[in-house]
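What follows is the residue order along each chain.
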Amino acid sequence: MKLIIPSPAKINLSLWIKGKRKDGYHELITVMHTINLYDVLYFLPSDRLELHIEGNQTLPLGSSNLIIKACRLFREKTGINPKVKIKLEKNIPIGAGLGGGSSNAANTLKALNTLYGNPLSKEELFELAENLGSDVPFFIRGGLAIAWGRGEKLKFYSPANFKILLIYPYFSCSTAEVYQKLLQIKREISVEDAERLIISPLINGNFEELKENLVNDLEKSESDCVKKVLKIKEELKELGIEKSLMSGSGSCVFSIDTGDLNTDLLKNKHWWFKFLSAI
Ligand SMILES: C[C@](O)(CO)[C@H](O)COP(=O)(O)OP(=O)(O)OC[C@H]1O[C@@H](n2ccc(N)nc2=O)[C@H](O)[C@@H]1O
Ligand SMILES: Nc1ncnc2c1ncn2[C@@H]1O[C@H](COP(=O)(O)OP(=O)(O)OP(=O)(O)O)[C@@H](O)[C@H]1O
């Protein structure tokens, strides 16, 4: 049986840091939405597990690839040894704050579950996803959600309908380094606050109010990568895009609902840009 699975990216509409946990992770609250920028995963019959990648030559093919990690976790949990040829068509920039690897991992778990007769419940899929990374549980369902804790606690909402301008500056950021070089931040904020500040203006289409409320505390990181991202935000301001935000731990920057922008201003710069939609 052949399966073709779209693996969408996400943006973080906001991210607040509440403090540092004993396990070394940061306590956070973040609002995520999947967008129509996809990798594609092909699952084809094979006599063994194999991974082929198109569109990117830098990604590992072995056990450090999140797709292989997902396959191994599936085998440990179910006792089923996946014999599939997986082809990854990579379109999502890596280390860009778009969760590409996390999305691949989550969608691989779902695809294997489908291929082998659904041995895992939805809850078990979420539990397994948690072991693969903080963003992976979100991609089991996708759409619009508030995540908190390390990022594994989730509250989902009906997906919203909005346009995004996404800028990728041709460099990547290390998530670990961005967090490591983050100043001590202790936000007093709750899931209810995130609902009031982000979810309700988003769902009601109050984009001016939403733009005023967008925050990403990881922009305060001392990492060189984030400093380069902040320069991109300044350049966008000079082009008339007043409100933009770094997604996740960077390097992408996005702006909401910039429909009437003269795109010529964005051309021939040191980035690529795409007009995308929330999905
Ligand atoms: C930046 C976000 O993408 C926002 O959605 C996530 O917080 C990062 O999630 P992720 O890419 O899955 O990150 P992980 O692979 O879980 O962790 C990478 C590293 O980021 C740091 N990390 C990650 C998540 C978190 N809540 N606190 C952290 O301090 C840890 O040093 C960790 O070792
Ligand atoms: N299938 C994969 N796709 C992308 N990255 C992968 C994959 N497997 C392992 N990785 C590793 O994961 C890291 C980045 O993953 P990813 O692209 O999810 O980060 P990101 O876009 O910065 O997302 P975020 O920071 O929001 O979690 C890189 O170090 C990359 O080498």
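Each chain has its residues counted from 1, running along the sequence as written. The order in which chains are written sets their letters, starting at A; the order in which ligands are written sets their numbers, starting at 1. With the structure being a predicted model, the display of local features is reserved for residues of pLDDT at least 70 and the display and counting of side-chain atom pairs for 80 or more, all residues being used for whole-chain, interface and lining totals. Side-chain numbers come from the whole structure's heavy atoms, not from hydrogens or water.

A word on the site of ligand 1
Here is step 1: Residues in close proximity to ligand 1 total 17 residues, the closest being Asn12, His26, Ser134, Asp135 and Tyr179.
Here is step 2: Under the rule applied, a polar contact is a pair of N or O atoms within 3.5 Å (in protein, one hydrogen donor and one hydrogen acceptor; residues adjacent in sequence only if both atoms are side-chain atoms). At a separation of 2.8 Å, an oxygen atom of ligand 1 approaches a polar side-chain atom of Ser134.
Here is step 3: Contact distances for ligand 1 include 3.0 Å between a nitrogen atom and a backbone N or O atom of Arg150.
Here is step 4: Methods summary: accessible areas were calculated by the Shrake-Rupley approach with a probe of 1.4 Å, and residue burial reflects only the protein chains presented. Look at ligand 1: alone it shows 630 Å² of surface, and the protein chains cover 81% of it. One heavy atom within 4 Å of a molecule or strand is enough for the residue carrying it to be called near that molecule or strand.

Some remarks on the UniProt feature "domain: GHMP kinase N-terminal" (unreviewed entry) in the protein chain
Here is step 1: UniProt positions are given in the numbering used here, feature names are shortened, and annotations may be inferred rather than shown by experiment. The feature "domain: GHMP kinase N-terminal" (unreviewed entry), as annotated in UniProt, sits at residues 65–143 in this numbering.
Here is step 2: From the first C-alpha to the last, residues 65–143 spans 24 Å; its make-up is 56% helix and 8% strand. Under the DSSP-based scheme used, a helix requires at least four consecutive residues in state H or I and a strand at least two consecutive residues in state E, with every element numbered from the N terminus.

Some points on the state of the cysteines
Here is step 1: Note on terminology: pairs of cysteine sulfur atoms within 2.5 Å are recorded as disulfides. Per the stated rule, a full pass over the model turns up one disulfide.
Here is step 2: Cysteine Cys252 remains unbridged, with the sulfur of Cys173 as its closest cysteine sulfur at 9.3 Å.
Here is step 3: The exposure class of Cys252 is buried, given its relative accessible area of 0%. Exposure classes here rest on a 1.4 Å probe applied to the protein chains alone. A residue is buried below 20% of its type maximum, exposed above 50%, and partly exposed in between.

Considerations on the packing of helix H2 (residues 100–115) against helix H3 (residues 122–130)
Here is step 1: Running from N to C, H2 and H3 cross one another at 140°; their axes reach a closest spacing of 10 Å. The angle between the axes of H2 and H3 places the two elements in the oblique class. H2 and H3 meet at a crossing whose hand is right-handed. Counted together, Leu109, Lys110 and Asn113 of H2 and Leu125, Leu128 and Ala129 of H3 form the full contact between these two elements.
Here is step 2: For the contact of H2 with H3, a count of residues per class yields four nonpolar, one polar and one charged. Note on geometry: axes are C-alpha line fits, over the in-contact stretch for helices, and angles between N-to-C directions span 0 to 180 degrees. Just so you know how the angles are binned, under 35 degrees is roughly parallel, over 145 roughly antiparallel, 65 to 115 roughly perpendicular, and the rest oblique. Throughout, a crossing is termed right-handed when the near helix is turned clockwise from the far one, and left-handed when it is turned anticlockwise from it by less than a right angle. The contact rule is simple, with two residues in contact once any of their heavy atoms fall within 4.5 Å. The classification used treats Ala, Val, Leu, Ile, Met, Phe, Trp, Tyr, Cys and Pro as nonpolar, Asp, Glu, Lys and Arg as charged, and all other residues, Gly among them, as polar.

Re the environment of Tyr38
Here is step 1: Locating Tyr38 in the fold gives a position in strand S2 (residues 26–45).
Here is step 2: What makes Tyr38 partly exposed here is its relative accessible area of 31%.
Here is step 3: Counting along the chain gives 195 residues from Tyr38 to Lys233, while the straight-line C-alpha distance between them is 24 Å.
Here is step 4: Among all residues touching Tyr38, those that are not within four sequence positions of it are Pro6, Ser7, Pro8, Asn91, Ile92 and Ile279.

Considering the UniProt feature "binding site: ATP" (unreviewed entry) in the protein chain
Here is step 1: Within this structure's numbering, the places UniProt gives as "binding site: ATP" (unreviewed entry) are Pro93, Ile94, Gly95, Ala96, Gly97, Leu98, Gly99, Gly100, Gly101, Ser102 and Ser103. Of the residues annotated just before, the largest pocket has Pro93, Ile94, Gly95, Ala96, Gly97, Leu98, Gly99, Gly100, Gly101 and Ser102 among its lining.
Here is step 2: Its place among the elements puts Pro93 in the loop between strand S4 (84–89) and H2.
Here is step 3: When its relative accessible area of 10% is taken as the criterion, Pro93 is described as buried.
Here is step 4: Apart from the residues lying within four places of it in its own chain, the contact partners of Pro93 are Leu37, Leu98, Tyr168 and Trp272.
Here is step 5: Take Ser103: its relative accessible area is 0%, and that puts it in the buried class.
Here is step 6: Not counting the four nearest positions on each side in its chain, Ser103 is found in contact with Ser7, Pro8 and Phe139.
Here is step 7: At a separation of 2.7 Å, a polar atom in the side chain of Ser103 contacts the side chain of Ser7. The pocket and cavity definitions rest on a 1 Å grid over protein atoms only: a 1.4 Å probe that fits but cannot leave marks a cavity, an open set with protein on both sides within 12 Å along at least five of seven lines marks a pocket, and residues lining either have an atom within 4 Å of a point.

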